[in-house]
Structures are given as structure tokens and as C-alpha cells.
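# A closer look at the structure
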Amino acid sequence: MKKIINLMRVDLISAKGRNKGNFFLIFALTAIFVVLGMITEAIFMVFSIVVLGVMLVPFITMAEKTHNAGKIFTVIPTDRKSIVISRFALTTGIYTVFSVIIFILYLIMEKFSDFHTSVISKDISNLYEVSSGFGTGIQMRAMTNSIFWLIFAVTLMIMAGQHRKYFKKGISSKSNSLLRSFLKFLGGIAIFYAVTAAIILIFNIDILKPTLIVLVNMLIALAAPMNGLLLSIILIFIGFGFTLYQLICSVVDYEAREL
Amino acid sequence: MKRILRRTAAIIAAAVLTVCTQPFSAFAENEDELKCPSGITVSKLISSQEKIDAHPTNIKNSKTDSARVELVFHGDEILYTRYYGCTNIEEHTPADENSVFEWGSISKTFTWVSIMQLWEQGKIDLDADIRTYLPDNFFRHLKYDDPITLTDIMNHKGGWCEKFYDSTSEDMAEMPSLEEALKNVEPAQTYRPGEVASYSNWAAALAGLIVQRVSGMDYVDYIHKNIFEPLGMEHTAVAPNLTDNPWVREQRLKTICYDLSTHGGYKENEDGVIEEGIIEEFKSKGTCLFNDQLYPCGSITGTIGDLATYAQALVNDAHPLFKNAETQEKLLSGSSFYGNTDIPSFSYGFDVHEYNNVRTFGHTGATFGCVANMEFDPVSKFGVVGLSNCRDDFPNYLCSSVFGRLKVKKYIGENFEKADLTPYSGYYSDTRTHAAGLGKFILYMDAFSVDNIKAAKVADGVFLEYHSEEAYDDTIYSIVEHSDGRHGIVNSCSEYLEIKHYIPKLCLLAGFMLCGVASLFILLAKRKLNKAHKTAPLSFAHIITAGQLAKIISLAAMISIVAIRVNGDNDGLTRTEGTVIGVIQLICLAVCGLALLAAAYSFIAQKKLPYGKIRSLSCFTGNLITVSAMIFFEMYNFWCC
């Protein structure tokens, strides 16, 4: 355990280096979304965790590109498994703590939603409640809570994917730049939509529809109780479960890699 | 100049004359003129409808839209008929008096009328156990020994959940008898008879079999002899393949059914200008003609004229369908009521609607391709019937014009009192679902909490959903308490039944799904570790791996139930499909059971492995969740569902 904590320190020290510009970029973007959430709709704060999550892994590994700090790990007396675990634990820890803080802030701002401009206006909320009819739809509050943790889980998965890619292929000046990783994230969404649209067109939805029905019904059923708490727990479980899977794979990949 | 002055004077004189004479001709309302229950005069209703019909946009759209036929009657008189749209858009065949449509569940009311006819003849006792009228050991899936009466069946309180298996036949040569068909797809009895309302097509068809057995006539012959012939309904068929009326079959084959989809886009307006708007597209589904083995519940097909004739008979004081006027009165007097009020929720198989000035009776219908509506007021003798060949275009547009507004404000008053639903707090699910067997999990995916409902009090235990002054629902609900202590929220013949301990059950279902997904990743990780020769297998590793595979297969089998239902238009699985899925689930259950034991042994055994205890424990937990979920949700039970 002490070894892992020490390795985290190494990561933090190497990240501090001359990454002030990138640090400021992350800080500014997250702050913008937090402020945006405060003055408009509280759920918009969730974008701050996306920004942090997507940029955190490249930020931590940036020093290896700028200072060739990756070599440190070849000289310090430690095993590769510990390096992988420490890197995963550091980024996941920072991201989780930050997300929890933002969620608490989001809950506080929700309490005072009447005092600031509401983008998802009361009329729309009321219309949603009416059209759901007889309690059969999920409540708006449950839906926003679930969306927050869904985005948390998806971002966590993306982070785990970034780690695995790094441990498998190492860092390159092109692939791990902050801007590039953010653009890749957007590109990934575009590709996902394109592939989905292609499947829908080719297969006439027959394959996707039933799976989607089960998935959506189950998500709605899980989101309804306790203001979405149940679904949120499950989404968090999925996020960490996938991270654990990527961690195991990363250990195997990193140990097999020639440094 | 003189000419101009003369002309001006003439125009002014004509205008004065026109204005002065108007009040006596057009604006004065004749007190003796027939008025609809809504308060509007019949002439005004007809003239306004004719104006709509004559509108150029309406005429243009009528050539490209699906058919919607509506008719208003008063007693024996047909007041207005509207034929809109096409029975075949591609061939531009307009709907007319010879167009035939499926009446769907309106067919059930023919069974209820037949039951009442046999009751007034003394051949049937509405309160006797139906087993009296059926062959010995007819039922195989009864859970309760309590008697099931025909009144229960007419109120949809026989206790059966929704049937799981498909009851349509592609080929008429394979068509079983009504009795065999009922036995083949008998659903599980999940509710105590006479207590819980659960709309059941199967039970309605069972009533048809009772009509057949008690009358000693084939059901089709009985309906022809006792309803169609006395009323002169020559353009209606009841047999599943419509062969009892070749003309109807021929006409029905000409009717194409459609799905309506709406989306944003650009279209040409009346002035020929391209503008943005909502575009409606009708997608052909073919004839959608199906042979339902349970035909008494929904096979009647006919013209709008014949549907009107049938509805007119039910408001006729001469009671042409019954020997005694009392039978007709009883049929439309209400058989179940909301709480302790005199507001009927259902009337011997007929839906009841409460309008401001009238109470109407009737039924709606929906098949794979058509929708139908029948609504009439036995007091004012007004009625509206409608048929359509598009499931998304329900033909009840004229009901509000004829009957007025629904009676919400009258019940709750201007300063409505809030109904306190906290004593009934909990999760509820529609009873018209699969509550046993392979599809039981579906029930737990449709539940909702009453805590979110804003209710306005109508009477003790009777309420309606109320959002605000402008937005309220017109549906009345009453709360009932059943013998097992569970609450139910009743509307008409439907009920939302309380699910005790809903959240742990939902967690179990979610856990089952998560285990399936997690197993996929565990197997992928194992493969990776195997390739890298880094595996440290637990005891009985092959059984544990087989258990993980079984979890994935079991989840896929569960999803396949929904897949088959969606692709088959929600009419259920075939017996073969159900058996295959059930057997797969049984095998998966056995494998997961073995994996559970293997994980338990591995946990107890003192084998030194990295994270051995954690791995054994997580494996044990995963298998325990899967096995428990499979047993609780009866995922293997293909024989009783």
C-alpha cells in the first residue's frame, strides 16, 4: 500500500512540473461549467466532471511527454502492477472526489432553483409530469440525478480506456495531447451515432429495438424509486466494475510490453 | 351620379334587410330542435361537421390519409356519417358505406349480450361457478379453489393474468377448436377470483365457449342467429377467417392497414408555398388479417352501418336483443362501482364514461391493424360509432361534440379537496401483464409509485389525478383493499395492484442483469489472463466458468422474450419458442447452481491464491443472485404462464 501511495506522489510531482498551462485550461473549463450550473440549471455542472475526467489522464501522463518522465518508472524499484494500480487509483480517486463535491454542490443549487434562472423551466417540468401520467413516468428529479451518475460512469469508463491505451501503447506526442483527446471524445460520440444510424438503416431496428426496450424499461424502472438513487448506485457499480476490468487488462498489457 | 346614388341606396337597403331578417332565420334557436347531450343542436353539429368536410385541405388530405369513418345516431335515426380517408391509400380507394374494418374488443360485448340472453332464458346463472358449464378438469393452472362466476368474468375479475403464448393461426387448416385453443394458451391464475380486475382476452373467449356449450350451438352460429339476424346485420362476420360472410371477407381483403408516423419537415401549403411543418406519413402494414383462435374476444369485422345498428339496438326501448326490458336495463346498470359511490366503473363488460350531462356505455377495440369505438347513452338515445384502419388514429373525434365534456369539475368542485394517498403509499403495477412464468420479470419493469400522484378527492377512497387548474385527468380511480392486504387502484376494468417489497425485488432483477453483463467482462479478463499465462484458477474452475457463461446465456434468453414479442407485434411467443427458452433457462439454472456450490467450496477450501477469498466470495454472490432471481422470477417456467 505504501508503495502505491509513493507512486501516486511521483505522479503528482511529475505532473506539477511545467504543466501550468494545461492545469489552468482544465481549471478554467471546469469552473465555467460549475458557474454555468449555478446561474442556469444545476444539472449543467455535470459537464465539469466530464471535462475533468476526459483531461485528467492525459494531464497526469503529460510530464512523460514534456520531461521524458516516463523513464522514472524504469529506474525506481517497483513492479509494473503497482504502477498500473497507482495510476488508476490516483485518477479514479481525484475524479470520484471531485464528482462527489460537484454532486453535493448540484444538490445545494437544486434546493435554491427557484432563486436563479431555470433553463428547464417549470412549465416544461410540469408538462413532463402531466404527460407521464399517473406516476408512470419517472420524476424529473430522479431523471436528473440518474443522468448525473450516468455521465459519471461513462466518463469513468473513458478514463479507464485512456489508461489501458497508455499502458498498452505508451505515450506519443500526437495521441495524448489534451485537445486531441477531447476531440477524440467528441469524435467517438459522432462515430457511435453514425454506427447506430447505420445499424438502424441496415437492420431496420429489428435487432436493436428489443434490446433497447429491455434496457430503457429497466433503466426507467430503476430510476423511479428513491429519486434515482437505485439506478445511480448501479451506474456507479458499472463504472467501477468496468474500470476494474480495464485495470486487470492494463496490468497484463503493461507487463507484456517492451519498455 | 344619380345612378351611383341609386346603386348605393339599393346596397344599403339590401344590407339593412339582410341584417334585420337574420335574427329570425339563422340566429334564433328553435326550442323544439333536437339537441345533443353536449347542448349543441343537431343541425349545428351537422353543419359544422359539413363545413369541416368541405374544407379544401380536408378534401385534399382525405385522398392521402388512412380511413376514419364516424357516425352519429339518435335512436333509430342516423344523423350524420363521415367517411374520411382511404381504405387503400396506394390505390386511392376512398372509405364508404361498404368499407369493412375489424371491431376488435367491441366483439366482446357480443359475448356479454349472448350471456345476458342466456341468463334471461334461465340457462345461465351469473353467480354460479363457471366450472358447471365447462368440461371436467378444463383448467390446469388454477391457483385458487374459489368459484369463478360469469359476473367475475364480465368484470374481468376471473383472476387470470395476460396470456403469454400466441393464439393466432397463419393457416386455417391448423385452426384448433375454441376449446382446444383455450386449453393451449391458458394463462396462469395469479389473482383471487372476484377481487382483482385484470383485463383478459382469454377469459372473454372462455365466456364464448360457455355460450357455445350452454346454447348447444357453435358460437359463430349463435351470434348470427341471435344478434346479426334479428338486427339485420348482413355486413358483419364473426368467424376467425370471416368465411361466415364471404362479402365481408372480400371487402376486408381490400382494406389495407397503416401505421402513422409524424416528423418535422417541409411541405407545400394551400398556396403552393413550401414551409416547415409536421409531416404525417402512413406506412402500409398490408391487410393485417389474422386468424385469432380466441375469436370471441375480438374477431368481429363489419361496416360502420352495422356497428351503428348494433349500438342502436342497445339504446332501443323495444330491446330487440332481449326478451325483457329488464335484461337490457341490467346490462347497462353497472356491475362494479367506484368505492361506495353510485358511479359505475364497469357494466357487465361495457365501459362507462361520465360526461357532464350524460353517462355513456360502450367499448373500444384494437386489432393489429384497426381501431374501433362505440359509445352510446341509453337515456338520450344518442350514440357515436367510429372505425379506422390506422391504429394511431382513434375514431372518437365526435364524442366530445355529441356528449360534451367529461365530468371532472362536477365531481371535485371548483375548490377541490386534495386526496391523501399516503396510507396507500407504495409501488403498483398494471395487472394486465405477465404475473407468472417466463414473462414475470416484465411486471417489475412497469411499476410506479403513488407517492408522485397529485390526487383530488371525489369521495372516500375515490379520486382523480389533478395537476393544476388547467391540467387534470378525467379518469376516476378508486382504492380497494384485497384479502391478502394488498391495495389496488381500480379504473374501469383495469387495476394497478400493489407490489409488496418492490425495491428488493427490483434490486434482485437488476442484480441478475448486472451479473450477466459482469460475467461477460470476467470471461474476457480470464481470456486475457489465460493468454498471458497468469491465471490462478479457483477450485472447480471449469464449473465456475460455465456458470459465468450460463449467466450471459440466461440474460440473452430473457431479452429474447422481449425480442420475439416486439417482432411479433406483441402477440406472444409460440409454444416451441417458449419451451426452448424455458429449457435453456432450466439448464442455466442448474449450471449456476453447480457454480454456486463450487464457489462455496472454493471459499471454504484453504487454497492459497492471490485474492482467492475475494474472488470466491464475488463468484458465490454472483451465482446466488442469479439463481435466486431465476427462481423468484420463474424464468424457467414455460408450462404455466
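What you are looking at is a predicted structure, and each value in this text was computed from that prediction instead of being measured.

### Re the overall build of chain A
Scanning chain A from terminus to terminus reveals 10 helices and 0 strands. Element order for chain A, N to C, with α for helix and β for strand: α-α-α-α-α-α-α-α-α-α. Within chain A, buried positions represent 34% of all 259 residues. Excluding contacts between residues fewer than 6 apart, the proportion of contacts in chain A whose partners are at least 24 apart in sequence is 87%.

### Comments concerning the overall build of chain B
A count of helices and strands for chain B gives 17 helices and 24 strands. Once the C-alpha set of chain B is aligned to its principal axes, its extents read approximately 120 × 70 × 55 Å. Counting the 641 residues in chain B, one finds 45% classified as buried. In chain B, of all internal contacts separated by at least 6 residues, the share reaching a separation of at least 24 is 69%.

### Some thoughts on the sheet that holds strand 16 (residues 371-376) of chain B
All names here are of chain B. With respect to topology, 8 strands assemble into an open sheet ordered 2-1-17-16-15-14-13-12, the strand pairing being antiparallel. Because the sheet does not close on itself, it has two edges, and the strands there are strand 2 (77-84) and strand 12 (336-337). Note that strand 15 (residues 359-366) and strand 16 share 6 bridges and pair antiparallel. Of the residues in strand 16, the one forming a bridge with His-363 is Met-374.

### Quick notes on the nonpolar core
Looking at soluble globular proteins, one finds that nonpolar side chains tend to be buried together. In this structure, Ile-115, Ala-205, Leu-206, Ala-207, Leu-307 and Leu-509 of chain B are the most contacted members of the largest nonpolar core, which totals 227 residues. Ranked by the residues each element gives to this core, the list is headed by helix 10 (residues 229-256) of chain A, at 12 residues. Non-local contacts of Ala-207 of chain B, meaning those with residues more than four positions away in its chain, are made with Thr-111, Ile-115, Leu-150, Ile-153 and Pro-296 of chain B.

### Looking at the packing of helix 1 (residues 2-16) of chain A against helix 5 (residues 80-111) of chain A
Residue and element names in this part refer to chain A. Relative orientation of the contacting elements helix 1 and helix 5 amounts to 65 degrees, with a least axis distance of 9 Å. Comparing the axis directions of helix 1 and helix 5 gives the class roughly perpendicular. Like other packed secondary-structure pairs, helix 1 and helix 5 cross with a definite hand, here right-handed. Contact residues: helix 1 offers Lys-3, Ile-4, Leu-7, Met-8 and Asp-11, while helix 5 offers Ser-82, Ile-83, Ile-85, Ser-86, Arg-87, Ala-89 and Leu-90. Of the residues contributing to the contact of helix 1 with helix 5, the split by class is 7 nonpolar, 2 polar and 3 charged.

### Comments concerning the domain arrangement of chain B
Residues and elements named next belong to chain B. Along its sequence, chain B is organised into domain 1 (1-30), domain 2 (101-406), domain 3 (412-500) and domain 4 (503-632). For domain 2 versus domain 3, the distance between C-alpha centres works out to 25 Å. Opposite the 23 residues of domain 2 that make contact, domain 3 presents 26 residues. Among the residues making up the side of domain 2 that touches domain 3, the classes are represented as 11 nonpolar, 8 polar and 4 charged.

### Observations regarding the sheet that holds strand 7 (residues 236-237) of chain B
Residue and element names in this part refer to chain B. A sheet is described by the order of its strands in space; here 3 strands give the open sequence 5-11-7, paired in antiparallel fashion. Bordering the open sheet on either side are strand 5 (101-102) and strand 7, each of which pairs with just one other strand. Alignment of strand 5 against strand 11 (residues 301-302), held across 2 bridges, turns out to be antiparallel. Each residue of the ladder has a partner; that of Glu-102, found in strand 11, is Thr-301.

### Some details on helix 7 (residues 201-215) of chain B
Since the α-helix turns once every 3.6 residues, residues separated by three or four places project in the same direction. Residue and element names in this part refer to chain B. With 15 residues, helix 7 extends 21 Å from end C-alpha to end C-alpha; this agrees with the ideal 21 Å at 1.5 Å per step. For helix 7, the complete set of buried residues consists of Asn-201, Trp-202, Ala-203, Ala-204, Ala-205, Leu-206, Ala-207, Gly-208, Leu-209, Ile-210, Val-211 and Gln-212. For helix 7, the elements touching its buried residues are helix 4 (106-120), helix 5 (150-154), helix 6 (178-184) and helix 8 (219-231). A positive phi of about 75 degrees marks Gly-216, the residue just after helix 7.

### Observations regarding unusual backbone geometry
Note: most residues except glycine have negative phi, and most peptide bonds are trans. Non-glycine residue His-156 of chain B carries a positive phi angle of around 55 degrees. By secondary structure assignment, the location of His-156 of chain B is in the loop between helix 5 and strand 6 (168-169).

### Let's talk about the confidence of the model for chain A
Confidence along chain A averages 79 in pLDDT terms, with 74% of residues attaining 70 or more. Averaged over each element, pLDDT in chain A is lowest for helix 6 (residues 122-132) of chain A (57) and highest for helix 5 of chain A (91).

### Re the confidence of the model for chain B
Residue and element names in this part refer to chain B. Averaged over all residues, the pLDDT of chain B is 89; the fraction at 70 or higher stands at 92%. A low-confidence stretch, residues 13-28 (pLDDT under 50), is modelled with 2 contacts involving residues beyond four sequence positions or located in other chains. Taken over the whole predicted complex, pTM reads 0.83, whereas the ipTM for its chain interfaces reads 0.73.

### Some details on the pairing of strand 14 (residues 350-354) of chain B
Residues and elements named next belong to chain B. Here strand 13 (residues 344-347) runs beside strand 14; their pairing, made up of 2 bridges, is antiparallel. Each bridged residue has a counterpart across the sheet, and for Ser-347 the counterpart in strand 14 is Phe-350. Between strand 13 and strand 14, which pair antiparallel one after the other, the connecting turn spans 2 residues, and Tyr-348 there sits at a positive phi close to 45 degrees. Where strand 14 lies against strand 15, 4 bridges are found, and the strand directions are antiparallel. The residue bridging Asp-351 from the neighbouring strand is Gly-362, located in strand 15. The hairpin turn running from strand 14 into strand 15, its antiparallel successor, is 4 residues long.

### Thoughts on helix 10 (residues 304-315) of chain B
Taking 1.5 Å as the rise per residue, helix 10 of chain B with 12 residues should run 16 Å; its terminal C-alpha atoms sit 17 Å apart, in good agreement. Turning to helix 10 of chain B, its buried residues are Ile-304, Asp-306, Leu-307, Ala-308, Thr-309, Tyr-310, Ala-311, Gln-312, Ala-313, Leu-314 and Val-315 of chain B.

### A short note on the environment of Leu-150 of chain A
Relative to the helices and strands, Leu-150 of chain A resides in helix 7 (residues 140-169). Considering only alpha carbons, one finds Leu-150 of chain A and Ile-236 of chain A, 86 residues apart in sequence, at a separation of 7.8 Å.

### Re the environment of Met-109 of chain A
Along the chain, the position of Met-109 of chain A falls in helix 5. With 66 residues separating them along the chain, Met-109 of chain A and Ile-43 of chain A place their C-alpha atoms 9.1 Å apart.

### Some remarks on the environment of Asn-227 of chain A
Residues and elements named next belong to chain A. One can find Asn-227 in the loop between helix 9 (208-223) and helix 10. Residue classification places Asn-227 among the partly exposed positions, given that 18 C-beta atoms sit within 10 Å. Between the C-alpha atom of Asn-227 and that of Ile-213, which follows or precedes it by 14 residues, the distance is 22 Å. Sequence-distant contacts of Asn-227, that is, excluding residues within four places in its chain, are made with Gln-139, Arg-141, Ala-142 and Asn-145.

Cut-offs applied
Residues numbered from 1 in each chain as written. Chains lettered and ligands numbered in written order. Predicted model: local features only at pLDDT ≥ 70, side-chain atom pairs only at ≥ 80, totals over all residues. Helix = DSSP H or I, 4+ residues; strand = E, 2+ residues; numbered from the N terminus. Buried ≥ 20, exposed ≤ 12 C-beta atoms within 10 Å, placed from the backbone. Contact = placed C-beta atoms within 7 Å. Pairing = 2+ DSSP bridges. Core = buried A, V, L, I, M, F, W, Y, C linked by C-beta atoms within 7 Å. Axes fitted to C-alpha atoms, helices over the stretch in contact; angles between N-to-C directions. Parallel < 35°, antiparallel > 145°, perpendicular 65-115°, else oblique. Left-handed = near helix turned anticlockwise from the far one by under 90°. Nonpolar A, V, L, I, M, F, W, Y, C, P; charged D, E, K, R; others polar. Domains from an automatic or database assignment. Expected span 1.5 Å × (residues − 1). pLDDT = per-residue confidence, 0-100.

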